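A closer look at the structure
For reference, the chains in residue letters:
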Amino acid sequence: MLDAKLIRANPSAVEKELQKRNIKGALDKYLLLDDKRRSLLLRVEELKNFRNTSSQEVGKIKKQGGDATPLMEKVRQVGQEIKDLDDELKTVEVEMEQILLNIPNLPHQSVPVGPDETTNQEISRWGEPLQFDFEPQAHWDIGPNLDILDFERAAKLSGARFTVYKGAGARLERAVINFYLDIHTMQHGYREILPPFMVTGDCMIGTGQLPKFAEDMFKLEGKEMYLIPTAEVPLTNLYREEVLEAADLPIYVTAYTPCFRAEAGSHGRDTRGVIRQHQFNKVELVKIVAPEDSYEELEKLTANAEKVLQLLKLPYRKVLLSTGDMGFSSAKTYDLEVWMPSYNDYKEISSCSNCEDFQARRANIRYRPAARGKLQYVHTLNGSGVAIGRTVAAILENYQQQDGSVIIPEILRPYMGGMEVIKRV
RNA sequence: GGAGAGAUGGCCGAGUUGGUCGAAGGCGCUCGACUCGAAAUCGAGUAGGCGGCUAAGCCCCGCCUCGUGAGUUCGAAUCUCACUCUCUCCGCCA
């Protein structure tokens, strides 16, 4: 949520920033309502002041044994007027809030301006895409051939966009989860969290999924509860409605969770394999930090995500998203894209964002700065550290051998009970 | 699922025959004194939000907030109702 005061103080500057995100005229109605709100507020507060002082007067008169009836009658009438104005005010405020909740974050100055992913900026590359001396297969062929991924039976159970992992496939998925968690907790200083996989609508508003992206979510029948689309939601909302001490910051947390996404509007995209699923596993990194540190923390968080790809020796590149391709809550986002032979291209495997105070404002997460006592919103960051299913797909494709077997990356072998290669059994 | 108790400031915790309570006390925090310095001690300050005033900030003024939402009343932390959550006991259960 944007700062209402900022909008009022400098609407044209905000409007200009929003235009970078292809959003126009979002503030027009808001500003009109803001004027209306203030004039209503002025009137109703005046009446309330009269009511308050008069009520005290009534108390005094009664105490002295006087007759307060005329004054009481007068205040009673004012009371009705107050109620009407309050109702009107409430309507305006609800409308204003709905507008604000649907406006995305403002991009940071360092973010390239552009309409979509074509204007993203490649920052760096790590590793070299393998040159195979045979025709490489896609993971959606490798997996079934090794009998470790089963898309057909998954469809029988749950329909399209689900995968059953079997044998070494299931074990590999679990190995990657444990490997990532170990690295982030033991080497990068994150605290491991195992959160609920279902959260309230308030949490979804807090991190920005609601109200705008309701159709992307799985909602529980008859309840105000949602399956989490990412651990960012429970991890960030851990601190919702809280006031943190300066000494508590920065907070680094990580969690493995499954993620559930309806994938409405992505029909026909990435239909094969595990790339785009209704349920997938992910290890997420979240930071709660003081505002002045957040951009430095973004670099570090992104480096933490890069590290696990490096340890797996998977070629990837780091991309700075342009204004047109960024997520709703983000001010600046780096994507990590892993090399996928089946796509003959790099494919997103991590997204690391600084949301600044956008989520903190929605979720009301504040802290008390050490020096002066005034409360401030924290900055929140999140990043995949990294997606598990896509990691497994990348391993299958990048480590495949001519005979259809797959070498297990060395660093994962301890997590695989020493297994070195996955072969058809 | 049944019965009971509770929800107050960053935290703990008083306050329920309705009026001077946004709220005692404590902790924490900030500043000051003492000290070579620290601890201890002493003194002072310390809720949040919205709006007005202002060029802006500080003051100052007003409004709102004692789980949430309605209601009674001239007036509600205090009374009524509904809801949410927490705790205790019982039942069920991995």
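Our subject is the structure listed above.
Heads up: these notes are all about the structure in this document. Source: prediction; values computed, not measured.

Comments concerning the overall build of chain A
Counting its regular elements, chain A contains 12 helices and 17 strands. With the principal axes as the frame, chain A shows a C-alpha extent of 100 × 45 × 40 Å. Per-residue burial over chain A gives 49% buried out of 425 residues. Residue pairs in contact within chain A that sit at least 24 positions apart in sequence constitute 73% of those at least 6 positions apart. If you sum the accessible surface of chain A, you get close to 20800 Å²; carbon and sulfur atoms cover 49% of it. Treating the 55 positive side-chain charges of chain A as one cloud and the 62 negative ones as another, the clouds have centres 4 Å apart.

Remarks on the sheet that holds strand 1 (residues 121-126)
Spatial ordering of the open sheet is given by 1-10-11-12-15-9-8-4, a layout of 8 strands whose pairing is mixed. Looking at the sheet topology across the chains shown, the edges are occupied by strand 1 and strand 4 (191-193). Sheet twist, expressed as the average angle between the axes of neighbouring strands with direction ignored, equals 25°. Bridge count for strand 10 (residues 316-320) against strand 11 (residues 332-340) is 5 bridges, and the pairing is antiparallel. Looking across to strand 11, one finds that Arg 317 is bridged to Glu 337. Strands in contact with helix 7 (residues 168-186) are strand 4, strand 8 (251-260), strand 9 (279-289) and strand 15 (379-387); relative to strand 9, the strand with the most contacts, it is inclined by about 10°.

Topic: the side chain of Thr 323
The residue Thr 323 is located in the loop between strand 10 and strand 11 in this model. Within polar-contact distance, the side chain of Thr 323 engages the backbone nitrogen of Gly 114 at 3.1 Å. Ignoring anything within four residues of it in the chain, the contact list for Thr 323 reads Lys 20, Arg 21, Pro 107, Val 111, Pro 112, Val 113 and Gly 114.

Examining the protein's contact with RNA strand B
What surrounds RNA strand B is a group of 24 residues, the closest being Arg 8, Arg 37, Ser 55, Val 75 and Arg 76. If you look at RNA strand B and keep only atoms within 4 Å of the protein, 71% of those are sugar or phosphate atoms. The separation between a phosphate oxygen of RNA strand B and a polar side-chain atom of Arg 8 is 2.4 Å. For RNA strand B, a base nitrogen lies 3.1 Å from a polar atom in the side chain of Glu 45. Where the surface near RNA strand B is concerned, the elements lending two or more residues are helix 1 (4-9), helix 3 (28-63), helix 4 (69-101) and strand 13 (366-368). For the surface near RNA strand B, the leading source of residues is helix 3, giving 13 residues. Class assignment for the residues of the surface near RNA strand B results in 7 nonpolar, 4 polar and 13 charged.

Quick word on the pattern of salt bridges
Summed over all chains, the structure comprises 25 salt bridges. Note that Asp 35 and Arg 38 form a salt bridge whose closest N and O atoms lie 3.2 Å from each other. With Asp 35 and Arg 38 both in helix 3 and 3 residues apart, this pair spans about one turn of that helix. The class for Asp 35 is partly exposed, based on a relative accessible area of 46%. The salt bridge partner of Glu 122 is Arg 317, with a shortest N-O separation of 2.6 Å. Here Arg 317 lies in strand 10 and Glu 122 lies in strand 1, a separation of 195 residues in the sequence. In this structure Arg 317 comes out as buried when scored by relative accessible area, which is 19%.

A closer look at helix 2 (residues 11-19)
Side chains of residues three or four places apart in an α-helix project in the same direction, reflecting 3.6 residues per turn. Inspection of helix 2 places Val 14, Glu 15, Glu 17 and Leu 18 among the buried residues, and these make up the whole buried set. Around the axis of helix 2, the buried residues are gathered within 160° of arc, so they sit on the same side. Exposed and facing more than 90 degrees away from the buried side of helix 2 are Ser 12 and Lys 16. For helix 2, the elements touching its buried residues are helix 1 and helix 3.

Quick look at the pairing of strand 15
Note on strand geometry: in a regular strand, side chains alternate between the two faces of the sheet. With 9 of its 9 residues buried, strand 15 lies for the most part within the structure. Of the pairings in the sheet, the one linking strand 9 to strand 15 comprises 7 bridges and is antiparallel in character. The partner of Val 289 across the bridge, within strand 15, is His 379. The sheet contact formed by strand 12 (residues 345-354) and strand 15 spans 3 bridges and is antiparallel.

A short note on the nonpolar core
Core analysis: the largest hydrophobic core is formed by 52 residues, its most contacted members being Leu 172 and Tyr 180. A per-element tally of this core places helix 7 first, with 9 residues. In contact with Leu 172, not counting residues within four places along its chain, are Val 392, Ile 395, Leu 396, Leu 412, Met 416 and Ile 422. Leu 2, Ile 23, Leu 85 and Leu 89 belong to the second largest nonpolar core, which has 25 residues in total.

Cut-off values and rules
Residues numbered from 1 in each chain as written. Chains lettered and ligands numbered in written order. Predicted model: local features only at pLDDT ≥ 70, side-chain atom pairs only at ≥ 80, totals over all residues. Heavy atoms only, no water. Helix = DSSP H or I, 4+ residues; strand = E, 2+ residues; numbered from the N terminus. Buried < 20%, exposed > 50% of the residue type's maximum accessible area, 1.4 Å probe, protein only. Contact = heavy atoms within 4.5 Å. Areas by Shrake-Rupley, 256 points an atom, 1.4 Å probe, with all protein chains shown as cover. Lys, Arg positive; Asp, Glu negative; His and termini not counted. Charge placed at Lys NZ, Arg CZ, Asp CG, Glu CD. Pairing = 2+ DSSP bridges. Axes fitted to C-alpha atoms, helices over the stretch in contact; angles between N-to-C directions. Polar contact = N/O pair within 3.5 Å; in protein donor to acceptor, adjacent residues only side chain to side chain. Near = heavy atom within 4 Å. Nonpolar A, V, L, I, M, F, W, Y, C, P; charged D, E, K, R; others polar. Salt bridge = Lys/Arg side-chain N within 4 Å of Asp/Glu carboxyl O. Arc of directions from axis to C-beta. Core = buried A, V, L, I, M, F, W, Y, C linked by side-chain atoms within 4.5 Å.

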